[in-house]
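Topology and contacts: notes
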Amino acid sequence: MKLPKNKHTITNHITKYHTIYIFTIILFITGIIFGAIIVNSMTFVQKQDLYFYLERFFIGYLQDDNISKQELMKNAAFYHIQFLSLLFFLGLAVIGLPIIWVLLFVKGVAIGFTVGFFVNQLGMQGLLFSFSSIAPQNLIIIPIYIIASSLAMVFSLSLLQSIFSKRFKHPIMQIFFRYTAIFIGLMVVVSLASILESAVSFEAMKLISDKLIN
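Residues numbered from 1 in each chain as written. Predicted model: local features only at pLDDT ≥ 70, side-chain atom pairs only at ≥ 80, totals over all residues. Heavy atoms only, no water.

Under an unreviewed UniProt entry, the name given to the chain is Stage II sporulation protein M, and the organism recorded is Gracilibacillus salinarum. Looking at the chain in UniProt, the text filed under Subcellular location (unreviewed entry) is "Cell membrane". In the Subunit (unreviewed entry) part of its UniProt record, the chain is described as follows: "Component of the MPD complex composed of SpoIIM, SpoIIP and SpoIID." (UniProt positions renumbered as here; feature names shortened; annotations may be inferred.)

Here's the deal with the side chain of His80
Relative to the helices and strands, His80 is located in helix 4 (residues 69-92). For His80, the side chain forms a polar contact with the side chain of Tyr145, separated by 2.7 Å. Contact partners of His80, with chain neighbours within four places excluded, come to Ile141, Tyr145, Val190, Ser194 and Glu197. (Helix = DSSP H or I, 4+ residues; strand = E, 2+ residues; numbered from the N terminus. Polar contact = N/O pair within 3.5 Å; in protein donor to acceptor, adjacent residues only side chain to side chain. Contact = heavy atoms within 4.5 Å.)

A look at the UniProt feature "transmembrane region" (unreviewed entry) in the chain
The UniProt feature table records "transmembrane region" (unreviewed entry) at residues 20-45, 81-106, 113-134, 140-164 and 176-196. Across residues 20-45 one finds 92% helix and 0% strand; the C-alpha atoms that close the span lie 41 Å apart. Measuring from the first to the last C-alpha atom of residues 81-106 gives 17 Å, for a span that is 85% helix and 0% strand.

Brief notes about the packing of helix 2 (residues 18-41) against helix 5 (residues 97-122)
Packed helix pairs are specified by the crossing angle of their axes together with the interaxial distance, meaning the distance between the axes. Packing of helix 2 against helix 5 leaves a shortest axis separation of 6 Å and a crossing angle of 40°. Judged by the angle between their axes, helix 2 and helix 5 are oblique. Crossing of helix 2 over helix 5 shows right-handed handedness. Here the contact of helix 2 with helix 5 is built from residues that sort into 15 nonpolar, 9 polar and 1 charged. (Axes fitted to C-alpha atoms, helices over the stretch in contact; angles between N-to-C directions. Parallel < 35°, antiparallel > 145°, perpendicular 65-115°, else oblique. Left-handed = near helix turned anticlockwise from the far one by under 90°. Nonpolar A, V, L, I, M, F, W, Y, C, P; charged D, E, K, R; others polar.)

Notes on the packing of helix 5 against helix 6 (residues 124-133)
Contact geometry for helix 5 and helix 6: axes closest at 6 Å, N-to-C directions at 150°. Classified by the interaxial angle, the pair formed by helix 5 and helix 6 is roughly antiparallel. Of the residues in helix 6, those in contact with Val115, Phe118, Val119 and Leu122 of helix 5 are Met124, Gln125, Gly126, Leu127, Phe129 and Ser130.

A word on the environment of Ile175
Within the element layout of this structure, Ile175 appears in helix 8 (residues 172-213). Along the chain, Ile175 and Ser158 lie 17 residues apart, while their C-alpha atoms are 9.0 Å from each other.

Quick notes on the packing of aromatic side chains
Overall, the coordinates contain 13 aromatic pairs when judged by the stated rule. Their ring planes at 70° and their centres at 5.6 Å tell us that Phe23 and Trp101 sit as a pair that is edge-to-face. A residue pair is termed long-range when its members are at least 10 positions apart, and Phe23 in helix 2 and Trp101 in helix 5 qualify at 78 residues. We classify Phe23 as partly exposed; its relative accessible area is 36%. (Phe/Tyr/Trp six-rings, centres within 6.5 Å; stacked < 30°, edge-to-face > 60°. Buried < 20%, exposed > 50% of the residue type's maximum accessible area, 1.4 Å probe, protein only.)

With respect to helix 6
All of the buried residues along helix 6 are Gly126, Phe129, Ser130, Ser132 and Ser133. Taken around the axis of helix 6, the buried residues stretch over an arc of 170°, which confines them to a single face. Looking at helix 6, the residues exposed on the side facing more than 90 degrees away from the buried face are Met124 and Phe131. (Arc of directions from axis to C-beta.)

As structure tokens, this is what we get:
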């Protein structure tokens, strides 16, 4: 199994391992659907309690003029890099595949639950809020997570084949260096997405938070 190196190799890579990428996308979408189902299964009291805590968050956090955008960007970048690092090391572990699946599924559940809850409680305003606070950065971050998860799965399967199959022997060190370089590039991209998250999304959230509270 070879990880992508250039444009031609990327095409071959995706063609060869398209089933892994499709599986990853389906797993993530399943998580989103499951998150939305959880919202619909909540009782009225549970929804009201959760909305109360979110309302306190809007008042105490979004309306705080002392919040530093640089601090928000650092925290967001650290979180995303930390998550990608976890996927990277799970790809190095032979037993890391199930954990990668669980992490990606949980990510989908979190997004599906968040959007589903806002839409359920606030209707079109909730949908608007979700698009302003969740969609911008996630248009970049979600594809990065899917790519990273798929690459970690490919590398982990490469290790398994090299260990247990005499027919499939791969230049593991060469693949490892390429694997590492790609993950470093993905971390740079999510760091740039963190700028969008701390600037555009946060400001959009502040603009419509008053309407959501009232």
